[in-house]
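This is what each chain is made of:
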Amino acid sequence: MKGKHESYLDKSNLPDHIAIIMDGNGRWAKRKGIDRLSGHREGMKSVRTVVNAARELGIGFVTLFAFSEQNWHRPKSEVHALMELLKQFLIKENSRLLENGIKLNAIGRLRELPPDVNQVLNDTIELTKNCNMLTLTLALSYGGREEIIDAVKKIVSSGNLASHDVNELSFSQYLYTVDLKEPDLLIRTSGEFRISNFLLWQLAYTEIYVTKTLWPDFRRRHLIKAILNFQNRERRFGLTSDQTRKRKVR
Ligand code: FPP
């Protein structure tokens, strides 16, 4: 059912790519007096709901910060539980992803993932490779600085890019996100005003929306609210407001 906010959405001005820092699973569990894993499990339901809602709205790309390079330093038991949850998600959801036309993609130092997780991930990517309704990218074992360092290493070791040919366009071809457009909107849940090493290069001109809602509570109506907020912004890409208005008129 459509909520009251949804009717205010301008379907001609939807963000094409939404990136999300899904934060607050632990705090959600703590408030309820339950274990952290239950928070992550509930967070997985939010993933399912938000991805489906985005697809229904006609959003082309969703990128989720699912596991950071720094998350490896969490207690072993939590890392293990998160990897298991991810595996379960991929196994359980792969037919639904296919039915809904959702293409799975992954970015990060994927070789660091346990082999069984990497296997299911690759299988699901292969299974959904021809889907074209929405591209769901999971950032796994991901860090923005690490991504830039990996790009520099690739450039140096390939020997294919001379210094006079290094520019934003040529450099971006070496990032993990070579096949993605830059995010229009970044949503961060649980109230923290930080980027936390997520998509450092790609977020240069992205609109940022922070909500106090914890990720396990984040549902379709929260996504709609974030998009409505985005639609009230004036994106200037470094230009003056006058220049931006003239561009819109043209
Ligand atoms: C942040 O909450 C969340 C994570 C580190 C992991 C995100 C994982 C999920 C939402 C579940 C599975 C995801 C997929 C894609 C299947 P936190 O633990 O940092 O919360 P806190 O800051 O309140 O402790």
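Going by the structure above, here's the rest.
Procedures and definitions
- Residues numbered from 1 in each chain as written.
- Predicted model: local features only at pLDDT ≥ 70, side-chain atom pairs only at ≥ 80, totals over all residues.
- Heavy atoms only, no water.
- Helix = DSSP H or I, 4+ residues; strand = E, 2+ residues; numbered from the N terminus.
- Buried < 20%, exposed > 50% of the residue type's maximum accessible area, 1.4 Å probe, protein only.
- Contact = heavy atoms within 4.5 Å.
- Lys, Arg positive; Asp, Glu negative; His and termini not counted.
- Charge placed at Lys NZ, Arg CZ, Asp CG, Glu CD.
- Polar contact = N/O pair within 3.5 Å; in protein donor to acceptor, adjacent residues only side chain to side chain.
- Pairing = 2+ DSSP bridges.
- Axes fitted to C-alpha atoms, helices over the stretch in contact; angles between N-to-C directions.
- Near = heavy atom within 4 Å.
- Areas by Shrake-Rupley, 256 points an atom, 1.4 Å probe, with all protein chains shown as cover.
- Nonpolar A, V, L, I, M, F, W, Y, C, P; charged D, E, K, R; others polar.
- Parallel < 35°, antiparallel > 145°, perpendicular 65-115°, else oblique.
- Left-handed = near helix turned anticlockwise from the far one by under 90°.

Draft legend 1. Spotlight on the overall build of the chain. Per the secondary structure count, the chain includes eight helices and six strands. Starting at the N terminus and walking to the C terminus, you meet the elements of the chain as β-α-α-β-α-β-α-β-α-α-β-β-α-α. Considering only C-alpha atoms, the chain reaches an extent of 55 × 55 × 35 Å along its principal axes. By residue count, 50% of the 250 residues in the chain fall in the buried class. Contacts spanning at least 24 positions in sequence make up 77% of the contacts within the chain whose residues lie at least 6 apart. In the chain, 40 side chains carry a positive charge and 29 a negative one; their mean positions are 6 Å apart.

Draft legend 2. Representation of the environment of glutamate 126 within the structure. One can find glutamate 126 in helix H4 (residues 115–127). Among the residues examined, glutamate 126 registers a relative accessible area of 48% and is labelled partly exposed. Of note is the side chain of glutamate 126, whose polar atom sits 2.8 Å from the side chain of lysine 129.

Draft legend 3. Here's a closer look at the sheet that holds strand E3 (residues 102–107). If you trace the six strands from one edge of the open sheet to the other, you get E3-E4-E2-E1-E5-E6, paired in parallel fashion. Two strands in the sheet have a free side with no partner beyond their single neighbour: E3 and strand E6 (207–210). Taken over all neighbouring pairs, the strand axes of this sheet differ in orientation by 20° on average, direction set aside. One ladder, built from five bridges, connects strand E1 (residues 17–21) with strand E2 (residues 61–68); its direction is parallel. In the strand pairing of E2, isoleucine 21 is matched with phenylalanine 65. Its contacts with the sheet put helix H3 (residues 76–99) on E2, E3 and strand E4 (134–142), and the angle it makes with E4 is roughly 165°. Here helix H7 (residues 220–231) sits on the sheet in contact with E1, strand E5 (185–188) and E6, set at roughly 135° to E5.

Draft legend 4. Focus on the site of the ligand. The immediate surroundings of the ligand are formed by 16 residues, with Asp23, Gly26, Arg27, Arg36 and Arg74 found nearest. In the environment of the ligand, an oxygen atom lies 3.0 Å from a nitrogen or oxygen atom belonging to the backbone of glycine 26. Arginine 27 places a polar main-chain atom, nitrogen or oxygen, 2.7 Å from an oxygen atom of the ligand. When the free accessible area of the ligand is taken as 630 Å², the share hidden by the protein chains comes to 91%. In terms of residue count, the dominant contributor to the shell around the ligand is helix H2 (residues 36–57) (four residues). Considered class by class, the residues forming the shell around the ligand number six nonpolar, six polar and four charged.

Draft legend 5. Broad picture of the packing of H2 against H7. The interhelical angle for the contact between H2 and H7, taken along N-to-C directions, is 50°, at an axis separation of 9 Å. The orientation of H2 with respect to H7, classified from their angle, is oblique. As H2 packs across H7, the resulting crossing turns out to be right-handed. Where H2 abuts H7, its residues Thr49, Val50, Ala53, Ala54, Glu56 and Leu57 lie against Arg220, Leu223, Ile224 and Ile227. In terms of residue class, the contact of H2 with H7 is built from seven nonpolar, one polar and two charged.

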